[in-house]
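Tertiary structure, described
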Amino acid sequence: MSPNASTVPLNVLVIVASTRPGRLGPAIADWFVQATLPTAAAAGTTLDVADLADIGLPLFDEPEHPSGGTYVHEHTRAWSQRVAAADAYVVVTPEYNYGMPAVLKNALDFLYHEWAWKPVGFVSYGNTSAGTRSVQMTKQVVTTLKMMPIGATVALRIADSTQDGQVLRSAGLDDTARRMLLELTRVATAMRPLRTEPDSDVASVPGPVEGLRLTIAQPDDLAELLVLQRCCWVQEALANDTLDLSPLRETLDELRESTSTWQLWCVRRHGRLVAAVRAQARGRGWLIGRLMVAPDQAGNGIGSWLLSYAEQQAPEETTHYELFTGHRSTHNIKMYERVGYALTYADDTPDGSVHLIKQRQPTARP
């Protein structure tokens, strides 16, 4: 862990998980914030309340799987940014028929990587069980999203803990909330390195935009990588007027098999997979392939930055870099030519493709 990890301010997102008229959720969230605000302020922790009634997410309506991080709707992008910015979560939830509210399940399902490696605490409320059965159901979902439920919880029986739509405050109840926040922030600090610290699989390479994290592709990345690949090569299919492109036909098993002969790197931004590339030695050449950047991230310099990184990973004996692209992919060809690649000919150039080579300069060696 970084020696300064414990001093970095934390952002806790308090999620109000009920939307029905006459709900108690906002009042209970307000009590939690007021009870814990002095403790949070002393530690530099920010408490941000996200009321799902105000956020107004529709029933899940994204065409792509959330693990791909490719969002077409502005409401999803806004929710993604809010969730990704948090270091930990407090879910204020009632219990509906022994389970969580549908609006909470929907809000969780909209995203995937934004939730990962962060702790979550619960403030539940209800009648007989004080909402604890809702919490138990929610824990099954959040652990699948790689979140960590903490041990400390707050459970309020409505008849005992509220009056006229407000929480009946007491020193003991306020202390329970404070202790939960302290445990939550302690766990959030411990888990932060899982999201932010470099390790043996992470490249400490400055990127062209904030929030980028470059890693060697792991088995858990491959399904998401395949989704990104298909999304990116739709543009190539349109540019070259053909769907007969291997990146569009590749299966997950084939992608998994390719990892035995190719080196693959993934780039995430705030947890979302936004770019990838692969490379392998071919004689004295270093073949770079499947360079891709999510369409909504294009134009930020990520592609040329990632290409440069892939070049730097070439073995010492490499004399040149090479790659292929569609013969009508003029945008790609211009980008490659700008960074020193030249069109050439090769016997094994696939139909409909062009071959580009860049000589390796001695100063380019890592």
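Residues numbered from 1 in each chain as written. Predicted model: local features only at pLDDT ≥ 70, side-chain atom pairs only at ≥ 80, totals over all residues. Heavy atoms only, no water.

The helix and strand tally for the chain stands at 12 helices and 16 strands. If you line up the chain on its principal axes, its C-alpha atoms span 80 × 45 × 30 Å. Each of the 366 residues in the chain was classed as buried or not, and the buried ones make up 50%. Sequence-distant contacts, at least 24 apart, represent 73% of the contacts inside the chain between residues at least 6 apart. About 17,600 Å² of surface is accessible on the chain, with carbon and sulfur atoms providing 52% of the total. (Helix = DSSP H or I, 4+ residues; strand = E, 2+ residues; numbered from the N terminus. Buried < 20%, exposed > 50% of the residue type's maximum accessible area, 1.4 Å probe, protein only. Contact = heavy atoms within 4.5 Å. Areas by Shrake-Rupley, 256 points an atom, 1.4 Å probe, with all protein chains shown as cover.)

This next bit is on the pairing of strand E11 (residues 263-269). Across the seven residues of E11, six count as buried, placing the element largely inside the fold. Sheet topology note: the strand E10 (residues 212-216)/E11 ladder contains five bridges and is antiparallel. Opposite leucine 214, over in E11, you have valine 267 as the bridge partner. Judged from the seven bridges that link them, E11 and strand E12 (residues 272-282) form a sheet pairing that is antiparallel. Its bridge partner being in E12, valine 267 is matched across the sheet by alanine 275. Here E11 folds back onto E12, and the loop between the two strands holds two residues, one of which, histidine 270, carries a positive phi near 55°. (Pairing = 2+ DSSP bridges.)

On to the pattern of salt bridges, then. Here the structure, examined in full by the defined rule, presents 18 salt bridges. Across the pair glutamate 322 and arginine 282 runs a salt bridge whose closest N-O atoms are separated by 2.5 Å. Here arginine 282 lies in strand E12 and glutamate 322 lies in strand E14 (residues 320-326), a separation of 40 residues in the sequence. Assessed through its relative accessible area of 3%, glutamate 322 is described here as buried. Judged by its relative accessible area of 29%, arginine 282 falls in the partly exposed class. Because the salt bridges share partners, they merge into one network encompassing Asp175, Arg178 and Arg179. (Salt bridge = Lys/Arg side-chain N within 4 Å of Asp/Glu carboxyl O.)

Attention now moves to the layout of surface pockets. Of the voids in this model, the largest pocket is the one considered here, and its volume is about 1,300 Å³. What lines the largest pocket is a set of 47 residues, among which Trp233, Glu236, Leu291, Thr325 and Asn332 lie closest to the centre. Counting residues per element, the lining of the largest pocket draws most heavily on strand E13 (residues 285-293), which supplies seven residues. For the lining of the largest pocket, the residue count by class is 20 nonpolar, 20 polar and seven charged. (1 Å grid on protein atoms, 1.4 Å probe; cavity = no way out; pocket = protein on both sides within 12 Å on 5 of 7 lines; lining within 4 Å. Points joined across faces, edges and corners; volume = space filled by probe spheres on them. Nonpolar A, V, L, I, M, F, W, Y, C, P; charged D, E, K, R; others polar.)

Turning next to the pairing of strand E6 (residues 154-157). On E6, burial follows the alternation: Val154 and Leu156 on one face are buried, whereas Ala155 and Arg157 on the facing-out side are not. Examined bridge by bridge, strand E4 (residues 119-126) and E6 share four bridges and lie parallel to one another. The residue bridging glycine 126 from the neighbouring strand is arginine 157, located in E6.

Scanning the entire structure with this criterion turns up six aromatic pairs. For the pair tyrosine 89 and tryptophan 115, a centre-to-centre distance of 5.0 Å together with 65° between the ring planes defines the contact as edge-to-face. With tyrosine 89 in strand E3 (residues 88-94) and tryptophan 115 in the loop between helix H4 (102-109) and E4, this pair connects stretches of sequence that are 26 residues apart. For the pair tyrosine 89 and tryptophan 115, one class covers both residues: buried. Feature note: the residues Trp79, Tyr89 and Trp115 constitute an aromatic cluster, connected by ring pairs. Geometry around tryptophan 262 places arginine 278 over its ring, the cationic atom sitting 4.1 Å from the centre. (Phe/Tyr/Trp six-rings, centres within 6.5 Å; stacked < 30°, edge-to-face > 60°. Lys NZ or Arg CZ within 6 Å of the ring centre and 35° of its normal.)

On to empty space enclosed by the protein. Vacant regions in the atomic arrangement are exposed by a probe of water-molecule size rolled over the atoms. Going through the model one piece at a time under the given rule, you end up with one cavity of 30 Å³ or more. Lining the largest cavity, in full, are Leu225, Gln229, Leu255, Leu264, Trp265, Cys266, Ala276, Val277, Arg278, Arg290 and Met292. Looking at the lining of the largest cavity residue by residue, the classes come out as eight nonpolar, one polar and two charged.

Once that is clear, we can look at the side chain of arginine 290. Positionally, arginine 290 belongs in strand E13. Within the structure, arginine 290 has its side chain in polar contact with the side chain of glutamate 250 (distance 2.8 Å). Beyond its immediate sequence surroundings of up to four residues, arginine 290 is in contact with Gln229, Trp233, Ser246, Pro247, Glu250, Ala276, Val277 and Arg278. (Polar contact = N/O pair within 3.5 Å; in protein donor to acceptor, adjacent residues only side chain to side chain.)

Let us now look at helix H12 (residues 330-338). Along H12, the positions that sit buried rather than exposed are Asn332, Ile333, Met335 and Tyr336. Along the axis of H12, the buried positions cluster into a sector of 165°, meaning they face one direction only. With respect to the buried face of H12, the exposed residues turned more than 90 degrees away are Thr330, His331, Lys334 and Arg338. Where H12 ends, the next residue or the one after it, glycine 340, has phi of about 105°, a positive value. (Arc of directions from axis to C-beta.)

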